[in-house]
Amino acid sequence: MASSPPSEDAPGEQHGEDPAPAAERARNALLTIPRGIAQVEFQPNVWTGLIFLIALFVGGWQFGAFALLGVGTATATAYLLGVDRNRVSLGLEGFNGTLIGVALVLYLGTDWSTVPLVVGGAVAGSVLTAALNSVLTPYKLPTFTAPFCVVALVMAIGAPSYARVWAGHNNSAPPSATDPGTAMTWTDFWHGFFNGIGQVFFQDKWYVGLIFLIGLAVSSRLVAAAAAASSLIGLLTGWWLGAQAADLGAGLYGYNAVLTGIALTGTFVVLSPAGVAYAVVGAATAAGLTAGLTNLFNVVGGHTLTWPFVLVTWVFLAAVPIFSRIRRAA
Amino acid sequence: MASSPPSEDAPGEQHGEDPAPAAERARNALLTIPRGIAQVEFQPNVWTGLIFLIALFVGGWQFGAFALLGVGTATATAYLLGVDRNRVSLGLEGFNGTLIGVALVLYLGTDWSTVPLVVGGAVAGSVLTAALNSVLTPYKLPTFTAPFCVVALVMAIGAPSYARVWAGHNNSAPPSATDPGTAMTWTDFWHGFFNGIGQVFFQDKWYVGLIFLIGLAVSSRLVAAAAAASSLIGLLTGWWLGAQAADLGAGLYGYNAVLTGIALTGTFVVLSPAGVAYAVVGAATAAGLTAGLTNLFNVVGGHTLTWPFVLVTWVFLAAVPIFSRIRRAA
Amino acid sequence: MASSPPSEDAPGEQHGEDPAPAAERARNALLTIPRGIAQVEFQPNVWTGLIFLIALFVGGWQFGAFALLGVGTATATAYLLGVDRNRVSLGLEGFNGTLIGVALVLYLGTDWSTVPLVVGGAVAGSVLTAALNSVLTPYKLPTFTAPFCVVALVMAIGAPSYARVWAGHNNSAPPSATDPGTAMTWTDFWHGFFNGIGQVFFQDKWYVGLIFLIGLAVSSRLVAAAAAASSLIGLLTGWWLGAQAADLGAGLYGYNAVLTGIALTGTFVVLSPAGVAYAVVGAATAAGLTAGLTNLFNVVGGHTLTWPFVLVTWVFLAAVPIFSRIRRAA
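Residues numbered from 1 in each chain as written. Chains lettered and ligands numbered in written order. Predicted model: local features only at pLDDT ≥ 70, side-chain atom pairs only at ≥ 80, totals over all residues. Heavy atoms only, no water.

**Regarding the domain arrangement of chain A**
Think of interface size as the accessible area that goes away when the parts come together; that is how it is often given.
All names here are of chain A.
Thought 1: What the domain assignment lists for chain A is domain 1 (31-171) and domain 2 (175-329).
Thought 2: Computed over C-alpha atoms only, the centres of domain 1 and domain 2 are separated by 20 Å.
Thought 3: At the interface, 36 residues of domain 1 touch 34 residues of domain 2.
Thought 4: Across the domain 1 to domain 2 interface the summed buried area is about 3,200 Å²; carbon plus sulfur atoms make up 78%.
Thought 5: Its largest share of buried area at the contact with domain 2, domain 1 owes to Glu41, Phe42 and Phe144, together 19% of the area lost on that side.
Thought 6: Linking domain 1 with domain 2 are zero salt bridges.
Thought 7: Linking domain 1 with domain 2 are six residue pairs in polar contact (both at pLDDT 80 or more), by the criterion used here. (Domains from an automatic or database assignment. Contact = heavy atoms within 4.5 Å. Buried area = accessible area lost by both parts, 1.4 Å probe. Salt bridge = Lys/Arg side-chain N within 4 Å of Asp/Glu carboxyl O. Polar contact = N/O pair within 3.5 Å; in protein donor to acceptor, adjacent residues only side chain to side chain.)

**Concerning the relation of the copies chain B and chain C**
The operation linking the two copies of the chain is a rotation about an axis combined with a translation along the axis.
Thought 1: Once chain B has been moved 0.0 Å along the axis and rotated by 120°, it coincides with chain C to within an RMSD of 0.0 Å. Such a combination of rotation and displacement between the chain copies is what one expects of a three-fold axis.
Thought 2: The residues that chain B uses at the interface reappear at the interface of chain C in only 7% of cases, marking distinct surfaces. (Least-squares fit on C-alpha atoms with pLDDT ≥ 70 in both.)

**Description of the nonpolar core**
Most often, soluble globular proteins keep nonpolar side chains buried together rather than apart.
Thought 1: Judged by nonpolar contacts, the single largest core of 97 residues is most densely connected at Phe148(B), Phe201(B), Tyr278(B), Leu305(B) and Phe323(B).
Thought 2: Aside from chain neighbours lying at most four places away, what touches Tyr278(B) is Leu81(A), Val127(A), Leu264(B), Phe316(B), Ala319(B), Val320(B), Phe323(B) and Ile326(B). (Core = buried A, V, L, I, M, F, W, Y, C linked by side-chain atoms within 4.5 Å. Buried < 20%, exposed > 50% of the residue type's maximum accessible area, 1.4 Å probe, protein only.)

**Observations regarding the UniProt feature "site: Important for channel permeability" (unreviewed entry) in chain A**
All names here are of chain A.
Thought 1: Cross-referencing UniProt, the feature "site: Important for channel permeability" (unreviewed entry) maps to Thr306 in the present numbering.
Thought 2: Relative to the helices and strands, Thr306 is located in the loop between helix 14 (273-298) and helix 15 (307-319).
Thought 3: Taking the relative accessible area as the measure of exposure, Thr306 reaches 2% and is therefore buried.
Thought 4: Look past the residues within four positions of Thr306 in its chain and what remains in contact with it is Thr145, Phe148, Cys149, Tyr255, Asn256 and Leu259.
Thought 5: A polar contact is formed between the side chain of Thr306 and the side chain of Thr145, at a distance of 2.7 Å. (UniProt positions renumbered as here; feature names shortened; annotations may be inferred. Helix = DSSP H or I, 4+ residues; strand = E, 2+ residues; numbered from the N terminus.)

**Overview of the pattern of salt bridges**
Thought 1: For the coordinates displayed, the defined rule picks out three salt bridges over all chains.
Thought 2: We note a salt bridge from Glu93(A) to Arg87(A), for which the minimum N-O separation is 2.9 Å.

**Quick look at the interface of chain B and chain C**
Thought 1: Each partner contributes residues to the interface: chain B has 28 residues there, and chain C has 28 residues.
Thought 2: The tally of links between chain B and chain C comes to zero salt bridges.
Thought 3: Counting every contact that joins chain B to chain C gives nine residue pairs in polar contact (both at pLDDT 80 or more).
Thought 4: Going through the elements one at a time, helix 3 (61-81), helix 6 (114-136), helix 7 (146-158) and helix 8 (163-166) of chain B are the ones with two or more residues in the side of chain B that touches chain C.
Thought 5: In terms of residue count, helix 6 of chain B provides more of the side of chain B that touches chain C than any other element does, 11 residues in total.

**Topic: the packing of helix 3 of chain B against helix 5 (residues 95-108) of chain B**
Residues and elements named next belong to chain B.
Thought 1: The interhelical angle for the contact between helix 3 and helix 5, taken along N-to-C directions, is 140°, at an axis separation of 7 Å. Taken together, the axis directions place helix 3 and helix 5 in an arrangement best described as oblique. Where helix 3 crosses over helix 5, the two elements pack in a sense that is right-handed. Taken together, the residues of helix 5 that come into contact with helix 3 (itself represented by Gln62, Phe63, Phe66, Ala67, Gly70, Val71 and Ala74) are Gly97, Thr98, Gly101, Val102, Val105 and Leu106.
Thought 2: Residues of the contact of helix 3 with helix 5, tallied by class, amount to eight nonpolar, five polar and no charged. (Axes fitted to C-alpha atoms, helices over the stretch in contact; angles between N-to-C directions. Parallel < 35°, antiparallel > 145°, perpendicular 65-115°, else oblique. Left-handed = near helix turned anticlockwise from the far one by under 90°. Nonpolar A, V, L, I, M, F, W, Y, C, P; charged D, E, K, R; others polar.)

**Some points on the packing of aromatic side chains**
Here a ring pair, both rings aromatic, is described through the centre-centre distance and the interplanar angle of the planes.
Thought 1: Under the criterion given, the structure shown has 54 aromatic pairs over all chains.
Thought 2: Plain terms: the ring middles of Trp190(C) and Trp206(C) are 5.1 Å apart, the flat faces sit at 65° to each other, and that makes the pair edge-to-face. Here Trp190(C), found in helix 9 (residues 186-198), pairs with Trp206(C), found in helix 10 (residues 206-219); they are 16 residues apart in sequence, far enough to count as distant.
Thought 3: Through a chain of ring-to-ring contacts, the aromatic side chains of Trp190(A), Phe193(A), Phe194(A), Trp206(A) and Tyr207(A) assemble into a single cluster. (Phe/Tyr/Trp six-rings, centres within 6.5 Å; stacked < 30°, edge-to-face > 60°.)

**Some words on the interface of chain C and chain A**
Thought 1: Across the contact, 28 residues belong to chain C and 28 residues belong to chain A.
Thought 2: Both faces considered, chain C and chain A share a buried interface measuring about 2,300 Å² in area, 71% of it formed by carbon and sulfur atoms.
Thought 3: With 11 residues, the single largest contributor to the side of chain C that touches chain A is helix 6 (residues 114-136) of chain C.
Thought 4: Taken together, the residues of the side of chain C that touches chain A break down into 21 nonpolar, six polar and one charged.

**Let's talk about the side chain of Gln203(A)**
Residue and element names in this part refer to chain A.
Thought 1: As for its placement among the helices and strands, Gln203 is situated in the loop between helix 9 (186-198) and helix 10 (206-219).
Thought 2: Taking relative accessible area as the criterion, Gln203 reaches 3% and is therefore assigned buried.
Thought 3: Among the polar contacts made by the side chain of Gln203, one reaches the main-chain carbonyl oxygen of Phe201 at a distance of 3.0 Å.
Thought 4: Apart from residues lying up to four places away in sequence, Gln203 is in contact with Leu56, Gly59, Phe63, Val102, Asn195, Gly198, Val208 and Phe212.

Okay, here's the thing in structure tokens:
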């Protein structure tokens, strides 16, 4: 999602001219896949993407496999429709497809019938990415994971109407449904810290969250520090407000804070004392907003996804030009 | 809705100068009525509008009568508020009023108390059309039937709070509520094909759908072919996903595909192989989205209207500038 | 909210230069507080703000105290983040905070735990005000009370998930829940007239509404007349449609009409016969929309807030450039 110029391992090729030999082009095409996975957290880094992919396979083979299906379909769709090559190379056309794959296999079950739905969802996500870019570019806002949120939400809401789709669906009740109570244990706390990072990809095992954190650190120490601090801010915000301990332990109050914190700390906002304070308020707002949106979406089956991150970060970035103390990163 | 230049039978008069004799002005004013009905499906054609009106009266006298009330009120409001004459002449200010009239008489009953509600709704629809045009013009997007969708949805949601309004309301449960099951019969199939065209105007008799198809063919063979193909795509998409057979037979998965297919085949997108593939994906997406939006709106009484068409077509048109393979029609 | 130039008692100071002595600067800073309260109804008038504050304290000490907390926090946040000084001085950064304070103490109870929520809500409201201004300025639309509506709605929806927040919450069922029926008495009528004005600030005692009306008259006779006429229009619209008498008597169909009527009568639309007709239609539309939005929000606990006013007035102002008979005020 970062708009940084293509680095060494990203092809700088232009539309219309394509002098690179076939082997290099194939290599570059292949590298857009891990970059597409890493761009879920704004990193155009191949190694980060590969570590994220390992984390997904550790979480369950189906998460890794459907993530690959999603990122591949979305990237190929964008390529075929003629999206700017640089965007495709940087992985900016793949990250929504990655999340669509992981979310649909989680909600609808590990089943062959989920395959065409992920393909269709990833195609729709690519068209929606292009449409949102048309609308948001005048405001200098990226799409973030909004295309994924829209596609996954609509498919999750519509799924019960379709016999073929709904056959293998999973229960999506939060952990607190079977384990209510607001008293947070030490286990809830440290699991919640790592799960806050893993839940960006819907993973709820602490060691999977740890692998994601390592993947971020490979790309940037600052980003990993921002992710860890934001997970803690989300956890503490939820705890102070009196959220359910089991949900805190599963990282449900952390992952939106993590994405918001990374986005507002150096990525899209210039790093400064005022900027960091702004990011802290943003991360806490995203965590607080989580319950509101969860209750709202519960009406239709409950899928909060990364909506709190998307909405809070759009608002915080759109506000920057009005605030003389905060500046957008180039 | 088409932005084509005024044809022969549309007055080319400018603001401020009005040299046409009174008889011709009256004739032109009268012709805006059938054009307003035909513009529901993007055709500024008087004969198409008259055939559509016949179809509505065949469906039930109240549909024809309230469509006339709606299109007349909306057109008169736009004229009185000073909307550009060309838009008014082409029927672009009438089609949302047409649908408001048909929808409200269907939901709230054939009753004198529905008359002022249609008038009020059509006035609100005209103001909303102007507001949306202000907002959407920078993105080169038409309003489509969004003003109708907003007005009819809000009135349908609010109606139960108003004793006078709610007195004569009709049951709006889908056919599958009394006839569940996913096994589609041959009758479901061919009824569904024609009803998919008739449901654009809320009509659920196959021969009414056939009259609408004839009306489209009078304006353009291509448009009629696109409508027929799209109704089939919608039907097959819903069937493949496992939708309720009675709803498929009533055309509930077809009408949004029909409108989307017409809009993306030559009307707003240049006709080309890639453009037709784009239209097919769009029509299937609109059909798939139907269940999602129906479940969402069921929470407040269930009125899907033409929201799937409006949202999908906005997204597919807004995305065009990003895709080098697809081009907007002039 | 009015964009009139700073009057005598508003400091005309520019960024970077600050020649006024400390005493005057303190006095100016202090006067932004009552102006922030008065701006809820578009008046940058200190006396109006003080009378509104008295009305709130007459309604209940907690409404006055939390309004002060909200307006102070919002204004200080805007100042610290570097919002344009003129906007801050005119009270344009305070009015959403005012309403956030009043709404949260009403919904969540008079409790110490409500204090940090009002502070957090007012900070979020200030950021959202800046973001909406970035987005709406190209369309020449003000934010109105949208930031308050979003923050209060999200907090009200999320509150039940948070044990600490939900502990002291109040019942928010409408009066008709315990007193159903559509037969309006004379008491319902004249109470409804004054309460329609008081409900802008969530007050449901007729004499509090009267004090607010006096506050408006101090700023402008025209504005007070528009408010009174609009309250009547809202009441009659609800009554004619057959709304519950107890809700009409509590002013629930009046307050959105009042705000819409003031906004469209001379404030943002040039005063003219067509303009007044436009304002009457707008006020009636806002009242009619109230039931629709109330039923929509009932799904998540029911908080209509000033959404009908915000949406209707945005639509009616965005439509103005299309209508040659209506003109925007400078």
